[in-house]
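Residues per chain, in single letters:
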Amino acid sequence: MIYLDNAATSWPKPEETLEAMDLFLRYKGGNPGRGGHSMALEAEKTVEETRLPIARLFNIPDKERVIFTLNCTDALNIGLKGFLKPGQHVLTDCIGHNSMVRPLRKLESQGVKVTKIKPSAEDGALTPSDIEKNITSDTKLLAVTHASNVTGVVQPVQEYGDIAKKHGLVFMVDAAQTAGMYPIDIQESNIDLLSLPGHKGLLGPPGTGVLYVGDRVDLDTLREGGTGVYSEQEEQPHTFPYGYESGTLNTVGIAGLGAGVKFILIYIKGRSGENFLP
Ligand SMILES: Cc1ncc(COP(=O)(O)O)c(C=O)c1O
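The shown structure was predicted, so the numbers you read here are calculated from the model rather than taken from an experiment. (Residues numbered from 1 in each chain as written. Predicted model: local features only at pLDDT ≥ 70, side-chain atom pairs only at ≥ 80, totals over all residues. Heavy atoms only, no water.)

*Asks:* Kindly report on the domain arrangement of the chain, identifying the contributing residues and their values.
*Replies:* We note that the domain assignment places domain 1 (12-63 + 242-272) and domain 2 (72-197) within the chain. The interface of domain 1 with domain 2 comprises seven residues on the first partner and nine residues on the second. Approximately 710 Å² of surface area, both sides summed, lies buried where domain 1 meets domain 2, with 63% of it carried by carbon and sulfur atoms. At the boundary of domain 1 with domain 2, the tally comes to zero salt bridges. Counting across the interface, domain 1 meets domain 2 through three residue pairs in polar contact (both at pLDDT 80 or more). When the residues that make up the side of domain 1 that touches domain 2 are grouped by side-chain class, the tally is five nonpolar, one polar and one charged. (Domains from an automatic or database assignment. Contact = heavy atoms within 4.5 Å. Buried area = accessible area lost by both parts, 1.4 Å probe. Salt bridge = Lys/Arg side-chain N within 4 Å of Asp/Glu carboxyl O. Polar contact = N/O pair within 3.5 Å; in protein donor to acceptor, adjacent residues only side chain to side chain. Nonpolar A, V, L, I, M, F, W, Y, C, P; charged D, E, K, R; others polar.)

The structure is reproduced here in structure tokens:
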């Protein structure tokens, strides 16, 4: 079988991904943070040990800022809707996937101002000067697609990050098509919100995704519920990461995602295991 649909979801997954999921369901399948028995603790360890290699791959200084989501669409929704408020302005590109376009359209109907900047005719990417021209006093967010799933254009996110930093904007990158394939350094590129699918280049299973949230972002929750922390309080805790992961996590998927990311770090980046051990 020759599989050519890796931009939709990667296949086959490494043996390590399959083995980690098998091992998890057989021996570790408790509910993390919801009990003190050995399987719940093993599940918690698996989840926490998956945040670390993800943080290493993207140079994220604090692994607690790595939130597990259902997919990249979920991560985009949590980031965009959790951050933007009516009256605020967001700058974006015209090459976004519907998972960027539609949440923004919904926010626009609720009073968020959205400006879509046309890509340059020369290289199909946003021109930095066009971004700067469109910044207003209400602009709070620059949200761009790293690589288009339609045209294949890879945008220079480091240049955009410099602009965002210069103007005090929060910078969001949809890295659905680049995570695990292209180097992404959130510190070098000043990225505050990074949305990732776990099931494409990160070699995890479907049903996994990640949102990185930097400490400059004040993020509201989209979903409230059980968190495994502060259970005595009725109000949703805004504690990273649990406050943004309400409900039982896709623990078996996260186990597979952790193995996929470690596979990339070891075999592709040539990192030693010590780099992502606690
Ligand atoms: C650029 C881009 N963003 C977001 C997504 C959505 O990813 P997911 O299917 O994980 O929600 C895709 C999916 O192909 C994509 O190509």
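Structure's up, so let's keep going.
*Asks:* Now, about the packing of aromatic side chains: what can you tell me, with residues and values included?
*Replies:* In total, this model carries three aromatic pairs according to the counting rule given. A centroid spacing of 4.8 Å and a plane angle of 50° characterise the contact between F263 and Y267, whose relative ring orientation is tilted. One end of the pair, F263, and the other, Y267, are both in helix α7 (residues 251-268), four residues apart, so they sit about a helical turn from each other. Overall, F263 belongs to the partly exposed group, its relative accessible area being 22%. Since its relative accessible area comes to 54%, Y267 is described here as exposed. One residue, R65, lies across the ring of F240, its end atom 3.8 Å from the ring centre. (Phe/Tyr/Trp six-rings, centres within 6.5 Å; stacked < 30°, edge-to-face > 60°. Helix = DSSP H or I, 4+ residues; strand = E, 2+ residues; numbered from the N terminus. Buried < 20%, exposed > 50% of the residue type's maximum accessible area, 1.4 Å probe, protein only. Lys NZ or Arg CZ within 6 Å of the ring centre and 35° of its normal.)

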